[in-house]
Amino acid sequence: MNLFASALISAPLYNVKSLVKFGFEPIPEFPAKNWMWKDGFGRLSFFSYANKLKQQYGIASLFRGTLVVGLGNVIFAEVGNYGTKMILDKWKSSSEEKSFSATVTSLAAETISMTGVLIITQPFRVIVRNMIASIVDKNDIYNTTIGTIKSIANEFGLAGFFRGLVGDWMHHILNLWLVGLGIYFVTSQGFLKKYQDSLREIGSIGETAANSLPTLLVSSIVSYAVYPIHVAAVMSSIAGSSLELANPPYQPKNADFFSIYEFLYNLGGYLNPRTMFRGTSGLLGTRWALTPFDLSVKSA
């Protein structure tokens, strides 16, 4: 039930970030300054973006697909946890052990479990992403869950529900291994010990923060490093459809994950906040860039 509540609360942000990843902007870029008061070009913050969507497409657009997201999250969490535990029990290993071999064993078990659960839940991600992309589309065949399922089945058959699976799998598995091994090496080598000891002097709150520090640091770095894979995976989930955001100039026609990744890279290079890293910032303030970028912008 908590996962459904979480999906409901986060739905507006989830939908806005998804549209940003697809390349849709409700208004063109505008002159703006960053926090250092440097001149550049801005796009709407996520809150302003959400308000614009509500004005133009109704408040329901901010919650489209929420039920499917919640159901997918429940299945992902429950099946994933059960699968990992079952494999570790069979291998007679524990995820609590701290040795390198135990870490690798745990990661291998999670990889097998996650691969299975990603295959099971990919249709949920595809359905939701197509529903969100249809918010700004004149075609209403993807407006409802049932309508989206029928449309995907009619356009692509069963394979249509697994578009983007390669990218989603790469994103999750790379994230899993890089974070797991990163935490192991940071902890075993004591890279953060000095800072953790300082935090522990504060008391119980500091103890909690000290224990969480390696995970927070490593997961933040890894999450950012593999983010472009996630963007390409999201885009490839709607590829080949009749949706406007699944066609030029937003992405190549009938593209796959790899051609979309190449397309994003060719648009602006690896670190461009308008292409491979779009959606990483903008929660509160304007999404700022030094130079203009209008190739994938569509005015609503």
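Our subject is the structure that appears above.
Before going into details, it helps to say that this report is about the structure given with it. Keep in mind that what you see is a predicted model, and the values were worked out from it rather than measured.

### Quick notes on the nonpolar core
- Among the nonpolar cores identified, the biggest contains 45 residues, and Leu19, Phe22, Tyr49, Leu53, Leu245 and Leu264 are the most heavily contacted of them.
- Elements with a contribution of two residues or more to this core: helix H1 (2-22), helix H2 (46-57), helix H3 (66-90), helix H4 (100-133), helix H9 (227-236) and helix H10 (257-268).
- No other element matches the 7 residues that H4 contributes to this core.
- Every residue in contact with leucine 264, bar those within four places of it in the chain, is listed here: Val231, Ala232, Met235, Gly269, Thr275, Met276 and Arg278.
- Among the nonpolar cores identified, the runner-up in size contains 6 residues, and Val179, Val186, Val222 and Val226 belong to it.

### Quick notes on the pattern of salt bridges
- If you walk through the whole model with that rule in mind, you get 10 salt bridges.
- The salt bridge involving arginine 129 is made with aspartate 168; its shortest N-O contact spans 2.9 Å. Here the residue arginine 129 occupies a position in helix H4, and aspartate 168 occupies one in helix H6 (residues 165-188), the gap between them amounting to 39 residues.
- Judged by its relative accessible area of 1%, aspartate 168 falls in the buried class.
- The shortest N-O distance in the salt bridge between arginine 200 and aspartate 197 comes to 3.6 Å.

### Some details on a nonpolar patch on the surface
- Among the surface-exposed residues, Leu13, Phe47, Leu283 and Leu284 lie close enough to one another that they form a single nonpolar patch of about 430 Å² accessible area.
- By secondary structure assignment, the location of leucine 284 is in the loop between H10 and strand E3 (287-289).
- Overall, the relative accessible area of 69% leaves leucine 284 in the exposed class.

### Observations regarding the side chain of arginine 43
- By the secondary structure assignment, arginine 43 is in strand E2 (residues 39-43).
- Residue classification places arginine 43 among the buried positions, given a relative accessible area of 4%.
- Polar side-chain contacts of arginine 43 include one of 3.1 Å to the side chain of glutamate 29.
- A polar contact is formed between the side chain of arginine 43 and the backbone oxygen of phenylalanine 293, at a distance of 2.7 Å.

The rules behind each value
Residues numbered from 1 in each chain as written. Predicted model: local features only at pLDDT ≥ 70, side-chain atom pairs only at ≥ 80, totals over all residues. Heavy atoms only, no water. Core = buried A, V, L, I, M, F, W, Y, C linked by side-chain atoms within 4.5 Å. Buried < 20%, exposed > 50% of the residue type's maximum accessible area, 1.4 Å probe, protein only. Helix = DSSP H or I, 4+ residues; strand = E, 2+ residues; numbered from the N terminus. Contact = heavy atoms within 4.5 Å. Salt bridge = Lys/Arg side-chain N within 4 Å of Asp/Glu carboxyl O. Patch = residues over 30% accessible without salt bridge, like charges linked within 9 Å, V, L, I, M, F, W, Y side chains within 5 Å. Areas by Shrake-Rupley, 256 points an atom, 1.4 Å probe, with all protein chains shown as cover. Polar contact = N/O pair within 3.5 Å; in protein donor to acceptor, adjacent residues only side chain to side chain.

Any functional reading would require information beyond the geometric quantities listed.
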